[in-house]
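# An overview of the molecular structure
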Amino acid sequence: MHICIIAPEKFPMPGDGSVEICIWAIARKLARQHKVTVLSRKSPGLPESAEVEQVRIIRLSSGSPERYLASVLAFLEEQRFDVIQVDNRPLLMAAVKRRQPHTPVLLFLHSLTFVPADSRIARSLNRADLIAANSHSLQQRLSRRFPGLSKVIRVVPLGADLTRFSPLETSEKLHIRSLCQLPPVFTVLFVGRVIPRKGVPVLIRAVRLLNTKLPAQLVIAGGGKPPYIRRLKQLARRLGVSVFFTGNIAHEEIHRLYQAADCFVCPSQRHESFGLVNVEAMASGLPVIASNIGGIREIIISGHNGYLVDRYREAAPFARRLLQLGREPQRAAGIGLQGRSDALQTFGWEHTAAALEELYRSLLP
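Right, let's walk through the structure included here. (Residues numbered from 1 in each chain as written. Predicted model: local features only at pLDDT ≥ 70, side-chain atom pairs only at ≥ 80, totals over all residues. Heavy atoms only, no water.)

Before going further, it helps to examine the overall build of the chain. From N to C terminus, the chain includes 13 helices and 14 strands. Expected size for 365 residues packed as a compact globule is a radius of gyration near 21 Å; at 21 Å, the chain falls within 12% of this value. Out of the 365 residues belonging to the chain, those deemed buried represent 55%. Long-range contacts, defined as pairs at least 24 residues apart, comprise 67% of the intrachain contacts of the chain with a sequence gap of at least 6. (Helix = DSSP H or I, 4+ residues; strand = E, 2+ residues; numbered from the N terminus. Rg over C-alpha atoms; globule rule 2.2 N^0.38 Å. Buried < 20%, exposed > 50% of the residue type's maximum accessible area, 1.4 Å probe, protein only. Contact = heavy atoms within 4.5 Å.)

So, on to the sheet that holds strand β9 (residues 186-191). Taken in spatial order, the 6 strands of this open sheet run β11-β10-β9-β12-β13-β14, and their pairing is parallel. The open sheet has two free edges, formed respectively by β11 (243-247) and β14 (307-309), since each of these has just one partner strand. For this sheet the average axis-to-axis angle between neighbouring strands, irrespective of direction, equals 20 degrees. Alignment of β9 against strand β10 (residues 216-221), held across 6 bridges, turns out to be parallel. Considered in β10, the bridge of F190 is made with I220. Strand contacts of helix α9 (residues 251-260): β9, β10, β11 and β12 (263-266), with the helix running at about 150 degrees to β9, the strand carrying the most contacts. (Pairing = 2+ DSSP bridges. Axes fitted to C-alpha atoms, helices over the stretch in contact; angles between N-to-C directions.)

What follows is about the nonpolar core. Core analysis: the biggest nonpolar cluster contains 134 residues, and I6, L39, L76, L189, Y258, F264 and L322 have the highest contact counts within it. If you tally residues by element for this core, the top one is helix α1 (residues 18-30), at 9 residues. Here L189 is in contact with V219, A221, L257, Y258, A261, C263, F264, V265 and L286, once residues within four sequence places are set aside. (Core = buried A, V, L, I, M, F, W, Y, C linked by side-chain atoms within 4.5 Å.)

In this section: the pattern of salt bridges. Scanning the model with the defined rule gives 12 salt bridges in all. Where E77 meets R99, a salt bridge forms, and the shortest distance between an N and an O atom there is 3.6 Å. One end of the pair, E77, is in helix α2 (residues 65-77); the other, R99, is in helix α3 (residues 90-99), with 22 residues separating them in the sequence. Look at E77 and you get partly exposed, because its relative accessible area is 39%. (Salt bridge = Lys/Arg side-chain N within 4 Å of Asp/Glu carboxyl O.)

Here we take up helix α13 (residues 349-363). Spanning 15 residues, α13 covers 22 Å between terminal C-alpha atoms, matching the ideal 21 Å at 1.5 Å per step. Inspection of α13 places W349, T352, A353, L356, L359, Y360 and L363 among the buried residues, and these make up the whole buried set. Down the axis of α13, the buried side of the element spans an arc of 120 degrees, and every buried residue falls inside it. Facing away from the buried side of α13 by over 90 degrees, the exposed positions are E358 and S362. (Expected span 1.5 Å × (residues − 1). Arc of directions from axis to C-beta.)

A separate point is the packing of helix α6 (residues 170-179) against α9. Two elements in contact, α6 and α9, have axes separated by 8 Å at closest approach and are oriented at 115 degrees. It follows that α6 is roughly perpendicular to α9 by the angle criterion. The chirality of how α6 crosses α9 is left-handed. Between α6 and α9, the contacting residues are K173, I176 and R177 on the first element and R256, Q259 and A260 on the second. The residue inventory of the contact of α6 with α9, partitioned by class, reads 2 nonpolar, 1 polar and 3 charged. (Parallel < 35°, antiparallel > 145°, perpendicular 65-115°, else oblique. Left-handed = near helix turned anticlockwise from the far one by under 90°. Nonpolar A, V, L, I, M, F, W, Y, C, P; charged D, E, K, R; others polar.)

Following M13, the chain continues into P14 via a peptide bond in cis, with omega recorded as -10 degrees. A positive phi angle, near 50 degrees, is found at E53, a position not held by glycine. Secondary-structure assignment places E53 in the loop between β3 (49-52) and β4 (55-60).

Before going further, it helps to spend a moment on the pairing of strand β2 (residues 35-41). Taking burial as the measure, the 7 residues of β2 include 5 buried ones, the bulk of the element. For strand β1 (residues 2-6) and β2, the ladder comprises 5 bridges, and the chain directions are parallel. When the sheet's bridge partners are listed, H2 is paired in β2 with K35. Viewed along the sheet, the connection from β1 through α1 into β2 turns out right-handed. Bridge count between β2 and β4: 6 bridges; the pairing is parallel. Considered in β4, the bridge of R41 is made with L60. (Right-handed = clockwise from strand over helix to strand, strands pointing away.)

Quick look at the structure:
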C-alpha cells in the first residue's frame, strides 16, 4: 500500500510530543512492508523533503492551521495514495475527505482535546471512513459524546520502542545514575508535560511523606510554563523535597532517565486516554504507580505489573506505595520484570502498526 500519514500542524516531524512520537514509530514499522509518506509542517533547519528509515517526510508551509490545511490539500492534489491517516485533527481529516472522496481516510484520535461535543466536530467525525482510538476508555467516551459513531470506532493501543526502553544490569544502571548526577537514594521519576492536570504537586507532597521514612530523590522530566515551574520549585523547597527539574529532554534521550530511576509515578488528575509514559516505564523494567483513571487502567494491573491509586488527588496513597517499593527492592524488581514482560507481549509498536494495517486493508476495495 501507499500510505499517507498527516501529522498535526503544531510540531514538525520527527517530534517529542506523544502524537509525533506515535506517528514516527508507526510510520517506520509500516515502511518495512509499505510505501509511507508523512506530511508535517516546515521547520527551520529541516529539509522540505527527506527519506529517513524508508519513510518519506514532506514538510509543508504552515504558520496557522488554515495555511497548513491549504498546503496539505495542495500536496494531495498532486499525489495518489491507497489510504490516508490523519492524527488527532478531525477538522483537518474532514477537509481532506471532502477533497479526496474516493480515498479511504482514517482518523487516529489520541485524546479528547480536539473533539469537543459540538455539531461542527460531529459533522467532521461522520466523514471518517474509520476512527481509531488508542484505548477502550477513549472509545467509550467518544461513543457517549457522539452516539452515532460507535460503529466506526476501533481500538488501537499504542506502544514503546522495546529495544531502547529496556532494563539495565545493576552496574550499567549505577553508571547512568552517576552520569545524571543522581544521589545514591531511592529515585522517583515523573515524565510528561509539567501542567496542572498531571498532578506534580501531589507527587511532591507524596515524596515529602516518603522522606519521613525513607530518603528519596524526585526527578521531574518535562517542560512547562516558567511561572508554574517556579511555583512547583517553591513548593518543593517549602516541603524540603529534593527535586531535579530536567526541563524538556529529547525523546531519543529520555530512555536513560527511565533506566536510572527506581520507580515511575504517573499522578494524573484528569482523564488520560492512554498514558504512553507508563508503557515506556514498564518496558524499562520500572515499577509503576499511577492514578486509576482512563486508559491507564488498561495498561496497569494493580499488584501485577504496577499499582493503581484510587484516591489519586491525595498524596498519602502514593506515598504508601512508594514506601512499599523502596523498602522491598525484591518486590519492586518483580513488579518491574512483570511490566517488562507485559510490554514485550502487548505494547510493541509492531502491534500498533499491524492493527492499523488491518484497518487500512478493511477500507480498500
